Amino acid sequence: MDTPYWNPRMETQSRERLEALQLRKLRAAVAWTLERAPWQGDRLRAAGITPESLRTLDDVRRIPFLTREEWMESQGERPPFGDVLALPPEAAIRYHTTSGTSGSRPLAVLDSPKDWEWITEMWCYALWGFGVRPADSVFFAFSYGTFVGFWGAHYAAEKLGCLVLPGGNQSTEARVRMIDTVGATVVCSTPTYALRMAQEAEALGIDLRNGPVRRLILSGEPAGSIPATKALIEQQWGAKAADTAGMTEVGTIIMFECEHQPGGAHILEDHFLEEVIDPATDEPVPHGEEGERVVTSFGRGFIPVLRYRTRDLVCRVPGDRCGCGRTFDLYDGGIRGRVDDMKVVRGTNVYPRAIEGIVRGWESVEEFQIRLFTQQGIRDEIEVLVEFSGDAGAERDAAVKEMTRRLCEAHEGLRIGVRVAEPDSLPRFELKAKRLRDERVVWGSADDRKVM
Ligand SMILES: [Zn+2]
């Protein structure tokens, strides 16, 4: 019997049962941390936390936050892992690191065989929940390096009984040819790279729209839930695309989009306790309001993670917003960006995600970049450089004009210039795209002229 759920009992249980399960798992995670993890355990003891003292789920708020900075500090003092391990390093079977997009040193983590079983299981919820089945051939457009990325999805596809096509260490051309010749039915990649492969296929004369690929599993960037980007990916591949999101700090994904595509992703609530807080006041924000994700993991034993400040911006809504029958709440719009992503230009808040949502409305846009700079040493300016496909021609001027108008309208009248970039002049990305260049002059900083 086919079912839309990987784990029907867990995914459709009542909220009451789910929350009771979360409380039991939270107590178990605290007990494990106190017993095994010296650094996190000391923090719990200092805050007077014992498993028994957690009477309701709200009591999680008594547990101190864990920040990336604190974790990094511990790693710096006791390299290479810090004092965060609950098991001796020799018990691990795998080393991974964060992708380090913020320019900082990456965090290094270890996992046990049991952790990897769990990591794999988390991805099974997502793959199965988006209609991947044993008969599928799943291609991974992924470098298979220390970044944890799609490693878990690879094992999940094997666990489902799919044929796995590991597309590591290949050029984009080789990947597209392999997808075509082997007849992949599912492709896993970042949203940006899905578009990149579609461009390459077109250049090679390969018709993806009428090819066998029927599902794309996206991860690694917030764009998997930006409607314009997603629509473009689906249209260029002739396939349905699902957003997923995870992080190296917990080893796997935390949310996945189901086949109903509700415009967001279900939180894996039987394995994570997620809170949404106001990043300025640390107070919880209600459903439907944007805030910072704070994650507590029940799954990974090697490194207990309790109340980790992710800096991800999300908006939580009840699970019944989606018609699939899951009781797991949703993050509407997936991960909407990072708390630190927001830029203020002449008093107006600018989010890269909102700009992408507009720019991707044109199919002829091949690549783009957001550039912030200082005009005449005093005035902050913002412009978007756009690379159009070769044959855009006369439509291009009209597109630039309309894009400028929509960007301005979406930003309280802030003028955002749109400039056409030469073909192939903007950087292309395989992993996480970096499309924002902040070249503004910051006065009063250490060297008085620091360029960000
Ligand atoms: Zn759903």
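Computed from a predicted structure; not experimentally measured.

Asker: Would you mind going over empty space enclosed by the protein in detail, with residue names and values included?
Answerer: For the coordinates displayed, the defined rule picks out two cavities of 30 Å³ or more. Taken as a whole, the largest cavity spans an internal volume of roughly 80 Å³. Every residue along the wall of the largest cavity is listed here: Q40, R43, L44, I63, P64, L66 and L306. In terms of residue class, the lining of the largest cavity is built from five nonpolar, one polar and one charged. Lining the second largest cavity are I179, D180, I206, D207, L208, G211, P212 and V213. The residue makeup of the lining of the second largest cavity, split by class, is five nonpolar, one polar and two charged.

Asker: Let's hear about unusual backbone geometry: which residues, and what values?
Answerer: For the bond from P79 to P80, the omega torsion is 5 degrees, close enough to zero to count as cis. Position of P80 relative to the elements: it lies in the loop between helix 4 (68-77) and strand 1 (94-97). For Y144, which is not a glycine, the phi torsion comes out positive at approximately 55 degrees. Mapping Y144 onto the fold places it in the loop between strand 3 (137-140) and helix 6 (151-160).

Asker: Let's hear about the coordination of the zinc ion: which residues, and what values?
Answerer: Binding of the zinc ion to the protein goes through C258 (SG), H266 (NE2), C322 (SG) and C324 (SG), at separations of 2.1 to 2.3 Å. Here the donor residues of the zinc ion are spaced in sequence according to C-x7-H-x55-C-x1-C. Of this pair, H266 sits in strand 9 (residues 264-267) while C324 is found in the loop between strand 12 (308-317) and strand 13 (330-332), placing the two residues 58 residues apart along the sequence. Owing to a relative accessible area of 0%, H266 belongs among the buried residues under this scheme. The class for C324 is buried, based on a relative accessible area of 7%.

Asker: So what's going on with the pairing of strand 3? Which residues, and what values?
Answerer: Burial along strand 3 is two-sided: the face carrying S137 and F139 and the face carrying V138 and F140 are both buried. The sheet contact formed by strand 3 and strand 4 (residues 163-166) spans four bridges and is parallel. Across the sheet, F139 pairs through a bridge with L165, a residue of strand 4. Crossover handedness for the path strand 3 to helix 6 to strand 4: right-handed. Bridging between strand 3 and strand 5 (residues 186-189) involves three bridges; their strand directions are parallel. What sits directly across from F140, in strand 5, is C188.

Thresholds applied
- Residues numbered from 1 in each chain as written.
- Predicted model: local features only at pLDDT ≥ 70, side-chain atom pairs only at ≥ 80, totals over all residues.
- Heavy atoms only, no water.
- 1 Å grid on protein atoms, 1.4 Å probe; cavity = no way out; pocket = protein on both sides within 12 Å on 5 of 7 lines; lining within 4 Å.
- Points joined across faces, edges and corners; volume = space filled by probe spheres on them.
- Nonpolar A, V, L, I, M, F, W, Y, C, P; charged D, E, K, R; others polar.
- Helix = DSSP H or I, 4+ residues; strand = E, 2+ residues; numbered from the N terminus.
- Donors = N, O, S within 2.8 Å, 3.2 Å for Na, K, Ca; no water.
- Buried < 20%, exposed > 50% of the residue type's maximum accessible area, 1.4 Å probe, protein only.
- Pairing = 2+ DSSP bridges.
- Right-handed = clockwise from strand over helix to strand, strands pointing away.

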